[in-house]
Amino acid sequence: NMSAGRPFRGCACFFTDNIFVGRFGLHVRYRDGPQLRRDHGRALQERGCRSEEQFREVLREIEAEVQRRKQLIHQSVERRAIISKCYKPKHPEVYTLQDSFLASEFLEIMRFCTSPGADLQGLLSYLESFSDKRIYRLPVFTEEFCQAFVDELENFEQSDMPKGRPNTMNNYGVLLNELGMDEPFLTPLRERLLPITALLYPELGGACLDSHKAFVVKYSLHEDLDLSSHYDNAEVTLNVSLGKEFTEGNLYFGDFSEDPAPVPKYIEVEHVGGRGLLHRGGQIHGALPIASGERWNLIVWMRSSAIRNQLCPMCRRKPQLVEAEGFGDGFTEPLGEEEVPQTVDLCALG
């Protein structure tokens, strides 16, 4: 996976920042014990971490998470090799994106966005908009595809294959690159979305989202019920409801992470099967608990190296590049000076 011939990279902050302390529902930055106490001691205390023993427990939890992150790349490559060699898909057809999987309305929106004179106002007439937060809902997949895809994911879940989890906040789900879906399914899906995201989010590199991280999350009564407030490591996120039958579990959206209000206003948005929500990665959001059934969602974090090479969205600093596998976290090495174009185009700034 290369962007204009340049391999993708991660930012070193992955090993120190945005570490989620589950029991106290807090994201922290971690260097060492004294720094953790200085920067997050009060917030931890307010959330119920009151004894020295509890604090030591939190430290152990964080240390374990840092170690897990350091081993991630190596373990992910190993898992992918085993899955590729040993796993027998139940629905091999769902691994390669076909237009027949896409809702007819989605294809119509794509046609509009690639037509001469397509503009934002025209596009908005095809989409549902929620408040002024630039959150939009659009049909993405057919019901038949959603059923076959979830059936395939359940088949994988029930197999004895090694499984990587999406992140520390979701224990139940599937990393789609480990199933080999990046190139045949997700890259073409991202490319089909570009004409749409170019009109909706031009300042976030919507016209040049050149990499992604995609996973499916699963919520059920006996497993993950809900998801704490967070923002995504993405310029633009697509979140598609795949089913199955469930009640409640709405998504909620707060402020844009770079522009928090003193009293954030939250809005709730329901899931609709086969439909996707597009939102800015920096939009603070979460999921309310489901009341019954089981809910599966496809999440695609879409990234623009032209934007994130200037500023890492997770540590809010110039990225400190580290080696990565596949699309990494969507950063690329700077162009040599002789390669920099004379005219400035947002999507060529990588």
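Residues numbered from 1 in each chain as written. Predicted model: local features only at pLDDT ≥ 70, side-chain atom pairs only at ≥ 80, totals over all residues. Heavy atoms only, no water.

(A) Quick look at the overall build of the protein chain. Each helix and strand in the protein chain was counted, giving seven helices and 18 strands. Every one of the 350 residues in the protein chain was classed for burial, and the buried ones make up 51%. Across the protein chain, contacts joining residues at least 24 apart in sequence account for 77% of those joining residues at least 6 apart. Surface summary for the protein chain: the accessible area is close to 16,500 Å², and the carbon and sulfur share equals 51%. (Helix = DSSP H or I, 4+ residues; strand = E, 2+ residues; numbered from the N terminus. Buried < 20%, exposed > 50% of the residue type's maximum accessible area, 1.4 Å probe, protein only. Contact = heavy atoms within 4.5 Å. Areas by Shrake-Rupley, 256 points an atom, 1.4 Å probe, with all protein chains shown as cover.)

(B) Molecular detail of the packing of helix α1 (residues 33-46) against helix α2 (residues 52-86). Between α1 and α2, the least distance of the axes is 12 Å, while the angle of their chain directions is 115°. The handedness of the crossing between α1 and α2 is right-handed. Packed against α1, whose contacting residues are G33, L36, R37 and L44, the element α2 presents E52, F55, V58, L59 and I62 at the interface. A class-by-class count of the residues in the contact of α1 with α2 yields six nonpolar, one polar and two charged. (Axes fitted to C-alpha atoms, helices over the stretch in contact; angles between N-to-C directions. Left-handed = near helix turned anticlockwise from the far one by under 90°. Nonpolar A, V, L, I, M, F, W, Y, C, P; charged D, E, K, R; others polar.)

(C) Molecular detail of the side chain of R6. In this fold, R6 is placed in strand β2 (residues 6-11). The class for R6 is buried, based on a relative accessible area of 13%. A polar contact is formed between the side chain of R6 and the backbone oxygen of E333, at a distance of 2.7 Å. (Polar contact = N/O pair within 3.5 Å; in protein donor to acceptor, adjacent residues only side chain to side chain.)

(D) The arrangement of the environment of F15 in detail. Its place among the elements puts F15 in the loop between β2 and β3 (19-21). Expressed as a C-alpha distance, the spacing of F15 and V66, which sit 51 residues apart in the sequence, is 5.8 Å. Discounting chain neighbours no more than four positions away, the residues touching F15 are V66, R69, K70 and V322.

(E) Expanded view of unusual backbone geometry. With a phi close to 50°, N18 is a non-glycine residue in the positive phi region. Along the polypeptide, N18 turns up in the loop between β2 and β3. Judged by its relative accessible area of 22%, N18 falls in the partly exposed class. Even without a glycine there, the phi angle at R316 is positive, about 60°.

(F) Region of interest: the pattern of salt bridges. Scanning the model with the defined rule gives 23 salt bridges in all. Among the ionic pairs, R317 bridges to D17, the shortest N-O distance being 3.9 Å. One end of the pair, R317, is in the loop between α7 (305-308) and β17 (321-322); the other, D17, is in the loop between β2 and β3, and 300 residues separate them in sequence. D99 serves as the salt-bridge partner of R192, at 2.9 Å between the closest nitrogen and oxygen. With R192 in helix α6 (residues 182-200) and D99 in the loop between α2 and α3 (104-113), the pair connects residues that are 93 residues apart, well separated along the chain. With a relative accessible area of 39%, D99 lands in the partly exposed category. (Salt bridge = Lys/Arg side-chain N within 4 Å of Asp/Glu carboxyl O.)

(G) Representation of the nonpolar core in the model. In this structure, F141, L176, L179, I196 and L242 are the most contacted members of the largest nonpolar core, which totals 53 residues. Breaking this core down by element, the ones donating at least two residues are α3, β6 (135-139), α5 (143-158), α6, β8 (211-220), β10 (236-243) and β16 (290-303). In contact with L179, not counting residues within four places along its chain, are I83, Y87, Y95, L153, F156 and V174. Core analysis: the second largest hydrophobic core is formed by 14 residues, L26, Y30, L36 and I62 among them. (Core = buried A, V, L, I, M, F, W, Y, C linked by side-chain atoms within 4.5 Å.)

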